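# Architecture and fold: a report
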Amino acid sequence: MVGAGTAAGAIGDARRAPRFSAAAFLVRLLIALGVLVMATPLVMAAYISLFRDAVVVFPPSGYSVAWYARILEFPRFGEALGTSLRIAALATLGSLALGIPASLALVRHRFVGRGVLNVLLLSPLTVPGVVIGLAVYVATVETEIATEVPLIGSDLVLVLAHLLITVPWVVRLCVANLVGLDRSVEEAAANLGAPPLSVLFRVTLPMMRQGIIAASLFAFIVSFENIEMTLFLIAPGQTTLPISVLQYLEYRIDPLVAAVVMVQTFVIAGLLLLLDRYVKLSRIV
Amino acid sequence: MNTPYLRIEGLTKRFGASTAVDAVNLDVAAGELLVLLGPSGCGKTTTLRMIAGFVEASEGRILLQGEDYSGLPPHRREMGMVFQSYALFPHMTVAANVTFGLRMRKLPKAEIAARLTETLDMVRLAPMADRYPRQLSGGQQQRVALARALAIRPKLLLLDEPLSNLDANLRQQVAREIRGLQRKAGLTALMVTHDQDEAMMMADRLVVMSEGAVQQVGTQEELYERPANPFVARFIGHSNLIKGTLREGAELAIPGGAIRLAAPYAGGGEATLAIRPERARLCAADDPAARIVAEVEDATYVGAHIEVLLTLPNGERVILHDPTDGGAARRLHPGDRAGIAWDAASERLFDAAGAPLPARAPIPA
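As a starting point, this report considers the structure included with it. All values reported here derive from a predicted model rather than from experimental measurement. (Residues numbered from 1 in each chain as written. Chains lettered and ligands numbered in written order. Predicted model: local features only at pLDDT ≥ 70, side-chain atom pairs only at ≥ 80, totals over all residues. Heavy atoms only, no water.)

Turning our attention to the overall build of chain A. Within chain A, the secondary structure is distributed over 13 helices and 0 strands. Element order for chain A, N to C, with α for helix and β for strand: α-α-α-α-α-α-α-α-α-α-α-α-α. What you see for chain A is a C-alpha radius of gyration of 25 Å, clearly larger than the 19 Å of a compact globule of 285 residues, by over 25%. Each principal axis of the C-alpha distribution contributes one length, and for chain A these read about 80 × 70 × 30 Å. When burial is assessed residue by residue, chain A has 40% of its 285 residues classed as buried. Partitioning the contacts of chain A with sequence separation of at least 6, the portion at a separation of at least 24 is 70%. In the structure as shown, chain A presents an accessible area of about 16000 Å², 72% of it carried by carbon and sulfur atoms. Averaging the positions of the 19 positive and the 16 negative side-chain charges in chain A gives two centres separated by 15 Å. (Helix = DSSP H or I, 4+ residues; strand = E, 2+ residues; numbered from the N terminus. Rg over C-alpha atoms; globule rule 2.2 N^0.38 Å. Buried < 20%, exposed > 50% of the residue type's maximum accessible area, 1.4 Å probe, protein only. Contact = heavy atoms within 4.5 Å. Areas by Shrake-Rupley, 256 points an atom, 1.4 Å probe, with all protein chains shown as cover. Lys, Arg positive; Asp, Glu negative; His and termini not counted. Charge placed at Lys NZ, Arg CZ, Asp CG, Glu CD.)

Applying the stated criterion to the full structure yields 11 aromatic pairs over all chains. Taking 6.1 Å as the distance between ring centres and 40 degrees as the angle between the ring planes, the aromatic pair formed by Tyr47 of chain A and Tyr63 of chain A counts as tilted. One end of the pair, Tyr47 of chain A, is in helix H2 (residues 22-48); the other, Tyr63 of chain A, is in the loop between H2 and helix H3 (66-70), and 16 residues separate them in sequence. Relative to Tyr63 of chain A, the ring of Phe51 of chain A lies with its centre 6.2 Å away and its plane at 70 degrees, an arrangement referred to as edge-to-face. Here Phe51 of chain A, found in the loop between H2 and H3, pairs with Tyr63 of chain A, found in the loop between H2 and H3; they are 12 residues apart in sequence, far enough to count as distant. Feature note: the residues Tyr47, Phe51 and Tyr63 of chain A constitute an aromatic cluster, connected by ring pairs. A cation sits over an aromatic face here: Arg134 of chain B above Tyr132 of chain B, 5.2 Å from the ring centre. Lying over the aromatic face of Tyr224 of chain B, Arg276 of chain B brings its terminal NZ or CZ to 4.0 Å of the ring centre. (Phe/Tyr/Trp six-rings, centres within 6.5 Å; stacked < 30°, edge-to-face > 60°. Lys NZ or Arg CZ within 6 Å of the ring centre and 35° of its normal.)

Further remarks concern the interface of chain A and chain B. On the side of chain B, 22 residues touch chain A, which itself brings 18 residues to the contact. Summed over both sides, the interface between chain A and chain B buries roughly 1600 Å², with carbon and sulfur atoms accounting for 65% of that surface. Between chain A and chain B we count 1 salt bridge in total. Ionic pairing is found between Glu187 of chain A and Arg49 of chain B, a salt bridge with its closest N-O pair at 2.6 Å. Of all elements in the fold, only helix H8 (183-191) and helix H9 (196-207) of chain A reach the threshold of two or more residues within the side of chain A that touches chain B. (Buried area = accessible area lost by both parts, 1.4 Å probe. Salt bridge = Lys/Arg side-chain N within 4 Å of Asp/Glu carboxyl O.)

Take empty space enclosed by the protein next. Residues and elements named next belong to chain B. Under the counting rule described, the total for this entry stands at 2 cavities of 30 Å³ or more. The space that makes up the largest cavity amounts to roughly 100 Å³. Forming the walls of the largest cavity are Tyr224, Glu225, Pro227, Ala233, Ser239, Ala274, Arg276, Arg279, Ala345, Ser346, Glu347 and Arg348. When contributions to the lining of the largest cavity are tallied by element, the ones reaching two or more residues are helix H7 (220-225) and strand E20 (347-351). Its residues assigned to classes, the lining of the largest cavity comprises 5 nonpolar, 2 polar and 5 charged. (1 Å grid on protein atoms, 1.4 Å probe; cavity = no way out; pocket = protein on both sides within 12 Å on 5 of 7 lines; lining within 4 Å. Points joined across faces, edges and corners; volume = space filled by probe spheres on them. Nonpolar A, V, L, I, M, F, W, Y, C, P; charged D, E, K, R; others polar.)

Another point: H2 of chain A. Look at H2 of chain A: 38 Å from first C-alpha to last across 27 residues, which is about the 39 Å you get at 1.5 Å a residue. The largest bend along H2 of chain A measures about 40 degrees and falls at Ala39 of chain A, with the proline Pro41 of chain A one to four residues further on. (Expected span 1.5 Å × (residues − 1). Bend = angle between axes of the 7 residues up to and from the residue.)

What follows is the structure in structure tokens.
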């Protein structure tokens, strides 16, 4: 018995009491289940990547880290990773360039067509990726025929297409961020003699920092992991990592893919950890 | 003709069909602290924001030192504003906050450093120069906001509810501090508040606003002793307002009785009598001084005085403050009948339109 009969003990008991209630137990159980469901694919991938056999069988005949070394024998994974990172970085920058001004306009100004713009900017989220991919593909082919400029498989088309799915995230996160900012801080800057552009660069954007970082993160990941839309727009030698994994799986199922996925996961996790040093991710996502 | 330092002419703001500020005229002398006082939604903040340039006026002019400021963007107005939320730059240190306006003016570095030291000393924040706003207490943040506005040596200091986010026990101290700094710097200032005590404590003159219009402009004493209409009488201090019909200039008829007025008045018709709780006294029901007899509903000892709630013959309630030093109220019980007495100087009568009715013969001094 801890502190029974004392005030501190009474408080401790009162705090401890809900732990034994059925509702609290249920909540804990659900959280545990949720974590389990989310972690399973990752744990399985990590597990399979260590199998020795070239054909995935269970139980494996032994364990090995050789598959990780063999990634290097397939340079197209490396190329695909490069393409993915390049496209994701360009799509992120592009969506910030479009999304930040758009959210400023949406939150700070009232203008004709504001509602339409708002719906338009968020609508790609409601359209299936396959449909967007097909539409962009058809439009690109038509443009190619009309202009005779080769477009399919170019960075330009991939980045433009990815903007469709990244801009809504940037707008959504920046709008949420802006709505929470005290307007009078910007007024104070103007009052102290800052012309509108100075207010934007010295006060508004620095105050949006957390929203902008969260937006970049989402844009990058949404672009990096996209398959269904990107599938229509790639060309030989211009493939993103998720698609090259998919293509590999069409012919073989061996632990190499799992090893590739693990490397990709570590790259992303590393980026997130690095970012977390500068911004507390738990506060913004 | 003598031009005032700040003149506001017919300043009006309409939002769609509603009028937030209705033709406000004000003259402010150099070095004066004028307080706009009124309940929320009375247009005082909109008036201040029009002067700062954040809200465009629908009509009217703002003249500072004879120069028309209408249409000038906020960053060209040279006015220092202290916001209700302080609106400090969260990503800048105290020093960067205070020097922001100076850097915008591209002053030489040495000058900026000198003014920073001077301003921080003024608000006693020198040791906090490298802190961020979130590391400061509310009172300290408030002083940073003030320092930031003072550092630019503004032509006009604007204060929007500067004390409303402070603890009650800090308010008086900060109010005096702001007042002291404003006086010392010789600044002309405009302050907005809904808090009467704050307004009374800080103002040279007050402007009472209601429903977008100026109700009265005057010193504390003028507003308290000679309110221009029933709204001011009730809003400044507190007044019991009793509606009735003025008969023969000598009494106010109310349903179920009549009030004997202290002063004679000209005319007749609908009128409203204003009596302050602390300016009337209780007496016996049969005392010849009693102007009306009422029934005691409740008497509460609150320390400084006894708060007596009485019901008039017409069923309306009035509140009186009876002194605690041996006043009659202590022997009063619910249901007792008591007389209410006051003299002519404590009585204020308004006509149906709300204008004060003058006493017929001036009372000799």
